[in-house]
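Results of the structural survey
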Amino acid sequence: MRYIGNKRKLLDFIENSIAEKVGNLEDKVFCDLFSGTTTVAKHFKKKCKKVISNDLERYSYVLAKNYLENNSPIDYHEMISELNSLEGEEGIFTKNLSPFGDCERKFFTVENAKKIDAIRSKVEEWKNNDKINEGQYFFLLASLLESVDKHANTTGVYGAFLKKFDKKSTNLFFLEAAKFDIGLSSGEVFHGDANELLPNLTGDVLYLDPPYNARQYGANYHILNYICSNEINIKLDKEGKESKTGLPSDYNKSPYSTKSGVKRAFEDLVSKSNGFKWVFLSYNDEGLLSLDEIKDIFEKHGKYYLTSTAHVRYNSSKNKSSKKHTIEYLHILERG
């Protein structure tokens, strides 16, 4: 899935850096406190005894429930086939996220939005009628989330849609299975505020990948949250008109994405990390916090180390020549 700050290309760097300090990972409990699309958590599910995942966004929770807690095979072929064979229906996604009737939003074509409505409705029906269990439910929702992203008429985030439908978005919607790894490790998934949750968690490795800058994930991925909740609550302006991009009336606003709140939030978080011996923070050179600020906070609680690597940062632009290299820092705290 296209995602701001995705660590897919940095997994080897992260794993090697952690293993160098921690040693053998097979008997370790790994916690990914800002899990996003679960890229890092999924990777360490294959490496560690247990993986804990948390995120404030609903779509992340759904993905983690599938990729981390599902650990037994699911015979999904018949379910996926039945869902793909459904006729489209005019539901909330069609009426609010596609150019249907008076709606001007173009996140999806009308035809694909109808298909999304039909599939989302059927999955909820199966759940309510006990035709599927919890693991199957989250597997199907995760499959829908990732398939939706492949057909969305956006540059990669949902803060805006393209004025004209591109080739990707006009392809007929097709539900693909969100296959998960079967392993010996166990997973535990939370959906809450990281600073409030952390005092209740214990383990060996705490991995932190909070927002770096002013981009709020709740605003940039609100469409995915709509898919998860199967509800749409669009913000109204003072004149009673709906947000042009379908922004919800209430979405999570992280202090980590504000210059005024990030340092206080991070200091509070690190102070609550004593349930873990090792803390690793991913943060790049475009972040709101400086290297010295992070170092000062970490050194209050133990030994501080720093390692880094250069890579091409996420860019939603279609201009491939606009790729920009950035430095990804991994700040390390060995708690005393």
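Structure's up top.
One structure accompanies this document, and this report is about it. Just so it is clear, the model here is predicted, and its values are computed rather than measured.

Cut-offs and rules
- Residues numbered from 1 in each chain as written.
- Predicted model: local features only at pLDDT ≥ 70, side-chain atom pairs only at ≥ 80, totals over all residues.
- Heavy atoms only, no water.
- Pairing = 2+ DSSP bridges.
- Helix = DSSP H or I, 4+ residues; strand = E, 2+ residues; numbered from the N terminus.
- Axes fitted to C-alpha atoms, helices over the stretch in contact; angles between N-to-C directions.
- Salt bridge = Lys/Arg side-chain N within 4 Å of Asp/Glu carboxyl O.
- Buried < 20%, exposed > 50% of the residue type's maximum accessible area, 1.4 Å probe, protein only.

Glancing now at the sheet that holds strand β4 (residues 203-208). One key point about sheets: their strands pair by backbone hydrogen bonds, in either a parallel or an antiparallel sense. Read across the open sheet, the 7 strands follow the order β3-β2-β1-β4-β5-β7-β6; overall the sheet is mixed. Because the sheet does not close on itself, it has two edges, and the strands there are β3 (186-190) and β6 (302-312). If you compare each strand with its neighbour and ignore which way they point, the axes differ by 15° on average. Direction of pairing for strand β5 (residues 276-284) relative to strand β7 (residues 325-335): antiparallel, over a ladder of 7 bridges. Pairing of Y283 across the sheet is with Y329, part of β7.

The final tally for this structure, using the stated rule, is 20 salt bridges. Across the salt bridge formed by D149 and R2, the nearest N and O atoms sit 3.5 Å from each other. Here R2 lies in the segment before α1 (11-22) and D149 lies in helix α7 (residues 134-151), a separation of 147 residues in the sequence. A salt bridge links K300 to E267; the shortest N-O distance between them is 3.8 Å. Placement of K300 in the loop between α13 (291-299) and β6 and of E267 in helix α12 (residues 262-271) is noted, with a sequence separation of 33 residues between them. Note on E267: relative accessible area 29%, which makes it partly exposed. Through salt bridges with shared partners, one network takes in K7, D209 and E328.

Another aspect to go through is unusual backbone geometry. In this structure, T38 is a non-glycine residue whose phi angle is positive, near 70°. Mapped onto the secondary structure, T38 falls in the loop between β1 (29-32) and α2 (39-45). The phi dihedral of D130 falls on the positive side, at around 60°, and the residue is not glycine. For D130, the location among the structural elements is in the loop between α6 (110-128) and α7.

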